[in-house]
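Structural overview
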Amino acid sequence: MKTMNKYIGIAALSVMALLAGCSDSFLQRDSLTSVSTSTFWQTETDALNGLAACYDGLQSGFLYNDGNGDKWNGCGPLNMDAMTDNGGHFNWSGWMPGYDICNGIHSGSSRLVGEYWKACYEVIKRCNTLISNIDRVDMGADDIALYKAEAIVIRSLMYTNLTMTYNDVPYLVEVQSLTNAECPKIARETIVRNVMSDLKSAAAILPKEAVSRGRVTKGAALSLLGRLALYNGLWDEAISAYEQVLNLGYSLFPDYTALFTEKNEGCDEIIWGIRYEGPALQEGSCLGGHWDTPLEALNATVDLADAFYGLDGKPTEDKVVCGHNEDGSADLWTLNEARYANRDPRLRATLFIPGMAWADKDWYYGGAAASYSTLYVMKYFNPSLNGTTSWDSGQDFYVIRYAEVLLSLAEAYVEKGDNLNKAIALIDDVRNRAGMPTVESVEGTGLSQSAIREVVRHERRVELAFEGLRLFDIYRWKLLKDAVDRINNEAETYNFWYEYRNYRGEQEYVWPIPQTEIDSNSQLEQHSLWK
């Protein structure tokens, strides 16, 4: 694979606009291979193809898909959660990109460190190409402004993710040439400020309703603006953005269990979804790929399962997870189903737990072996698909949904220190949809700021598990050491066969710049924590 500098093409759009993975009238476009940029940007069809290329980049196996038909050739949002206290690749570990980041043994040469960088900058390159060239197209000024706004929001998502992982990175907003290919990193604060300004401008242009399903809207721009502000402790900015989203007509879908299905991917809760078509169309997602059984390559933790409290809003007191063999190791075939009875209904929508049936089979194990944690992931998995069609599914991935907006706004209220009652009401909205009791009915009245902070963080974990947000939450809350310790303790407590997770200090909160980028860019300096 090429490094960011070698991606640059000053004469051709080339393969970047191939549109594998898209099939509706907007996204299904012919190849633009080998078309010169000097002749390409002429017609509205050219512009639409260029915009579709921006969306197509989001379907990378290292962004919002999960490899090319296999779980060990990508690291999408489900696998990103497996790098946290929510899960792991305990059965397959070293096969999976990101396992070394999870275990605290990564470096600038680690595979995911390089692949995630390349995937993000590929999308940025496509967006910059459109923004820089679309004015040449003979089309209406309003349409040009709309296309630019969409590309800006997509680019902004990439910079949100880059600043949450690598912190300070090169900030590219125009097409690079061979004369300006090398560039230094820019301070995260500067990038955040500029991206927030971009999102505000884009939100003013984008429509409330998508031009076609899968395209970004005003709600997507404002929600991303709120997320970026929240991630950087800009509470007033987050509140302002999220409060605007409240007035755009979104609502919580009534059935959490049915939310993550193709049937309901167009409901009013979904603010921005990555569009897929399938199965068996070669245009789908493999996020929920399986082999006719729960997938033992992707494990959930007992720690996450126990974050789904009982229907009374209280944590379980049953600490028995499984039996043990004569040598003291965990007996993964003798499981305690009773401990999962009468839990938060979101548990069974998120995890495959002992006692659940996979399609018409009562199986506790995955394709080849029992889960080393006794648990699997259920969210985004569809047992009605088989070992072929599940790797090319039509299920969209939800980048932003309304429940995140409600919980993020609640968090911003809490951190700002006022409107605590509003924060509780927003949390209760999410709990009520799930069939869980209100905050005050469980915790009492007159809760302090710190108490409500813990409530909203807990609610965020169970509501958004395996949606690719947990790693960023742990990073920004500075809770990685605690998370690592809890999973190491889980392994010791139950004699599970987990690899040990290391914590080397502050460097764990920022990914190193890929060594290939350092080697090819004389202006790019490694982060001080990784020198």
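These lines cover the structure that appears in this document, whether it is placed above or below. Treat the numbers as computed from the prediction; the structure is a model and nothing was measured.

Now for helix α14 (residues 402-416). For α14, built from 15 residues, the straight-helix expectation of 21 Å at 1.5 Å per residue is met to within 8% by its first-to-last C-alpha distance of 21 Å. Across the 15 residues of α14, 14 count as buried, placing the element largely inside the fold. Within two residues after α14, Gly417 carries a phi angle of roughly 95°, on the positive side.

Negative charge collects at one region of the surface, where Glu44, Asp138, Asp142 and Asp143 lie side by side. Assignment of secondary structure puts Asp143 in helix α7 (residues 141-165). Under the relative-accessibility criterion, Asp143 is labelled partly exposed at 34%.

Attention shifts here to the side chain of Arg275. Mapped onto the elements of the fold, Arg275 is located in the loop between β2 (270-274) and β3 (299-300). Within the local environment of Arg275, its side chain forms a polar contact with the side chain of Glu277, the two groups lying 2.5 Å apart.

Take the packing of aromatic side chains next. As enumerated under the stated definition, the model contains 25 aromatic pairs in all. Measuring from ring centre to ring centre gives 5.6 Å for Phe260 and Tyr398, while their planes differ by 35°; the resulting arrangement is tilted. Taken as a pair, Phe260 in the loop between α11 (256-259) and β2 and Tyr398 in strand β8 (residues 397-401) lie far apart in primary sequence, 138 residues in all. For Phe260, a relative accessible area of 8% puts it in the buried group. The exposure class assigned to Tyr398 is buried, which follows from its relative accessible area of 1%.

The rules behind these values
Residues numbered from 1 in each chain as written. Predicted model: local features only at pLDDT ≥ 70, side-chain atom pairs only at ≥ 80, totals over all residues. Heavy atoms only, no water. Helix = DSSP H or I, 4+ residues; strand = E, 2+ residues; numbered from the N terminus. Expected span 1.5 Å × (residues − 1). Buried < 20%, exposed > 50% of the residue type's maximum accessible area, 1.4 Å probe, protein only. Patch = residues over 30% accessible without salt bridge, like charges linked within 9 Å, V, L, I, M, F, W, Y side chains within 5 Å. Areas by Shrake-Rupley, 256 points an atom, 1.4 Å probe, with all protein chains shown as cover. Salt bridge = Lys/Arg side-chain N within 4 Å of Asp/Glu carboxyl O. Lys, Arg positive; Asp, Glu negative; His and termini not counted. Charge placed at Lys NZ, Arg CZ, Asp CG, Glu CD. Polar contact = N/O pair within 3.5 Å; in protein donor to acceptor, adjacent residues only side chain to side chain. Phe/Tyr/Trp six-rings, centres within 6.5 Å; stacked < 30°, edge-to-face > 60°.

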